[in-house]
Amino acid sequence: MNKRPTIQTVAERAGVSRGTVDRVLNNRSYVRADVRERVLSAIRETGYLSPREAHRQAAAEQPSLPRVKVGIVLPNWGGPFREEVTRGIEAASRALAERNAEIRVRICESDVPAETIDLLDGLLSWGAQGIALCALNDIMIEARVNELAEQGIPCITFNSDLPESRRVCFVGQDYAKSGRIAAELLSKCIPQNGKVLAMVGNMEYNGHRTRLDGFCAHLHDKGFYADQIEVVETYNDYRVTYNKVTEALHNMPGLRAIYMANRSVTGCIDAVKAAGMTGQIRVIAHDMSPRRRQMLREGSLDLTITQDLYRQGYQPLMLLCDLLQKQQEPETDLQSTNISIICAENLD
């Protein structure tokens, strides 16, 4: 089998260096006219194609993929989640437009399961052949995903899973592991008899609950007792978070740390500041935002544990189109994304 000609093949045919061939290919100066013509002749004779030209040729020769429609349902979350996931969705939409795929995004206004189901049904009416969703771990939503599977409409969950449903796979962080990491870090920052306030957004989201479970279980393994950990649900609301932290600072003697498994970190930090306890209470959070970056720099937030939210918007759409257009199944059931520990010293 003949090998595809390389830039070295062209250089040898023209009697020049690979660097000279590169300069001709990129139309750079400092190449004599006679040498340029010799290189161009060698390119024609060998049939050499640059990587870009080879890619274009392969794309042109590839059979056209069937047209597909894919829907995505987002929860009513703002902040870094919405920003980064949206960036991933937009990048996937651009890439998939060349593959004859159309993407439609729908966003919940509440945490009511019926709204998620209505949005799913609306996408089906539009003609969606696959669905990506981040939703409550609710029995009605699971049942609807199972019905879609029966109809041959694959669903992929991201960020927060529906593990008992017939979804194809989950794209997101290993939340139990990220919770354990938070507990390991926190256990080294406070005394063994210190009390901990653990704040979670909404326990009905599998990601929130799993992260909290991992955190509490590992703290127990490190010698902390259940009565040392106060768990509070905040629904990611600034005012609820601020008030609950303020109450805990007054009513929990021995409070040494706050674990923010939810997104209203600003409410927590502002309450600690208002009580004049910045630096006395250790605070560990998740994810990154410009405000969280500032908190790390100023020392009001000790650590944050991040995940790849961009990929969580991008990967489900790519996987669904691979499945629908190429019958290519995801390689694994759990598509995990990275876990990073960020402090003031490694922000950049």
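Residues numbered from 1 in each chain as written. Predicted model: local features only at pLDDT ≥ 70, side-chain atom pairs only at ≥ 80, totals over all residues. Heavy atoms only, no water.

Let's talk about the overall build of the chain
Under the convention used in this document: Secondary structure elements follow DSSP: runs of H or I no shorter than four residues count as helices, runs of E no shorter than two count as strands, and numbering proceeds from the N terminus. Using C-alpha atoms as the atom set, the radius of gyration is obtained and then compared with a globule rule of 2.2 Å times the number of residues to the power 0.38. Classification of residues uses two cut-offs on accessible area relative to the type maximum, computed with a 1.4 Å probe and protein chains only: under 20% is buried, over 50% is exposed, and between them is partly exposed. Contacts are assigned to residue pairs that have any heavy atoms within 4.5 Å of one another. Surface exposure here means Shrake-Rupley accessible area, sampled with a 1.4 Å probe, where a residue is shielded only by the protein chains that are shown. None of His or the chain ends enter the tally, which takes Lys and Arg as positive and Asp and Glu as negative. For charged residues, the charge sits on one atom: NZ in Lys, CZ in Arg, CG in Asp, CD in Glu.
What the chain contains, in helices and strands, is 13 helices and 12 strands. A globule of 348 residues ought to have a C-alpha radius of gyration of about 20 Å, yet the chain, at 26 Å, is considerably larger. Taken along the three principal axes of its C-alpha coordinates, the chain extends 85 × 50 × 30 Å. Split into buried and exposed, the 348 residues of the chain put 49% on the buried side. Taking the intrachain contacts of the chain between residues at least 6 apart in sequence as the baseline, contacts between residues at least 24 apart amount to 71%. Element-wise, carbon and sulfur atoms account for 47% of the exposed surface of the chain, whose accessible area totals about 17,200 Å². Of the side chains in the chain, 42 bear a positive and 44 a negative charge, and the two mean positions are spaced by 8 Å.

Section: the sheet that holds strand β2 (residues 101-107)
Definition in use: Only strands joined by at least two bridges in the DSSP assignment are considered to pair. Axis definition: a line fitted to C-alpha atoms, limited for helices to the stretch in contact. Angles are taken between N-to-C directions and run from 0 to 180 degrees.
An order of β2-β1-β3-β4-β5-β11 is seen for the six strands of this open sheet, with the pairing classed as parallel. In this open sheet, the two edge strands, each paired with only one partner strand, are β2 and β11 (334-336). Going from strand to strand, the sheet's axes swing by 20° on average, the running direction of each strand aside. Of the strands in this sheet, β1 (68-74), β2 and β3 (130-133) are in contact with helix α6 (residues 113-126), which crosses β1 at around 165°.

As for the pairing of strand β9 (residues 282-286)
Inclusion rule: Orient the strands so they point away from the viewer, and a crossover whose first-strand-to-second-strand path over the helix runs clockwise is right-handed.
Of all the five residues making up β9, four are buried; the element is thus mostly covered by neighbouring parts of the structure. At this point the chain moves from strand β8 (residues 255-260), through helix α11 (residues 265-274), to the parallel β9, and the crossover so formed is right-handed. Pairing of β9 with strand β10 (residues 303-306), which is carried by three bridges, proceeds in the parallel orientation. Across the sheet, residue I284 finds its bridge partner in β10, namely L303. Following the backbone out of β9, through helix α12 (residues 290-298) and into the adjacent parallel β10, one traces a crossover that is right-handed.

Quick word on the sheet that holds β10
Pairing within the open sheet is mixed, and its six strands lie in the order β7-β6-β8-β9-β10-β12. Lying at the two open borders of the sheet, with one neighbouring strand each, are β7 (229-233) and β12 (340-342). When the angles between neighbouring strand axes are averaged without regard to direction, this sheet yields 20°. The pairing of strand β6 (residues 195-200) with β7 spans five bridges and is parallel. Along β7, the bridge assignment pairs V196 with I229.

Quick word on the state of the cysteines
Just so we agree on the cut-off: When the sulfur atoms of two cysteines come within 2.5 Å, that pair is taken as a disulfide.
For the structure on display, the rule yields zero disulfides. Among the cysteines around C134, which has no disulfide bond, C108 carries the closest sulfur, lying 9.0 Å off. With relative accessibility at 2%, the residue C134 sits in the buried group. Among the cysteines around C343, which has no disulfide bond, C189 carries the closest sulfur, lying 11 Å off. In this structure C343 comes out as partly exposed when scored by relative accessible area, which is 25%.

Describing the environment of L136
Looking at the secondary structure, you find L136 in the loop between β3 and α7 (139-150). Taking the C-alpha atoms as reference points, L136 and S160, 24 residues apart in sequence, are found 7.6 Å from one another. If near-sequence neighbours (up to four positions away) are discounted, L136 is found in contact with D111, P113, I141, L162, N202, E204 and Y205.

Here's the deal with the pairing of β10
Burial along β10 is two-sided: the residues L303 and I305 and T304 and T306 are all buried. When β10 meets β12, the two strands line up antiparallel, connected through three bridges. If you follow I305 over to β12, its bridge partner there is I341.

Some words on helix α13 (residues 309-326)
For the record, the criterion: To estimate how far a helix should extend, the number of its residues minus one is multiplied by 1.5 Å.
Its 18 residues place the ends of α13 26 Å apart at the C-alpha level, agreeing with the 26 Å of an ideal helix rising 1.5 Å per residue. Of all 18 residues in α13, 14 are buried, a share of seventy percent or more. One or two residues past the end of α13 sits Q327, with phi positive at roughly 55°.

Thoughts on the packing of aromatic side chains
Threshold: Here is the rule: rings of Phe, Tyr and Trp (six-membered ring for Trp) pair when centre to centre is within 6.5 Å. Planes less than 30 degrees apart are stacked, more than 60 are edge-to-face, and the remainder are tilted. Two conditions define a charge sitting above a ring: the NZ of Lys or the CZ of Arg must be within 6 Å of the ring centre, and it must be within 35 degrees of the ring normal.
In the structure shown here, the tally under the stated rule is six aromatic pairs. Centroid distance F215 to Y259: 3.9 Å. Interplanar angle 15°. Geometry classified as stacked. One end of the pair, F215, is in helix α9 (residues 206-221); the other, Y259, is in strand β8, with 44 residues separating them in the sequence. Summarising the aromatic geometry, the rings of Y238 and Y242 are spaced 6.2 Å apart at their centres and angled 25° between planes, so their arrangement reads as stacked. Note that Y238 and Y242 are positioned in helix α10 (residues 238-251) at a spacing of four residues, about one turn of the helix. Y238 gets classed as partly exposed once you look at its relative accessible area, which sits at 33%. Sitting over the ring of Y242, R239 keeps its end group 5.2 Å from the ring centre.

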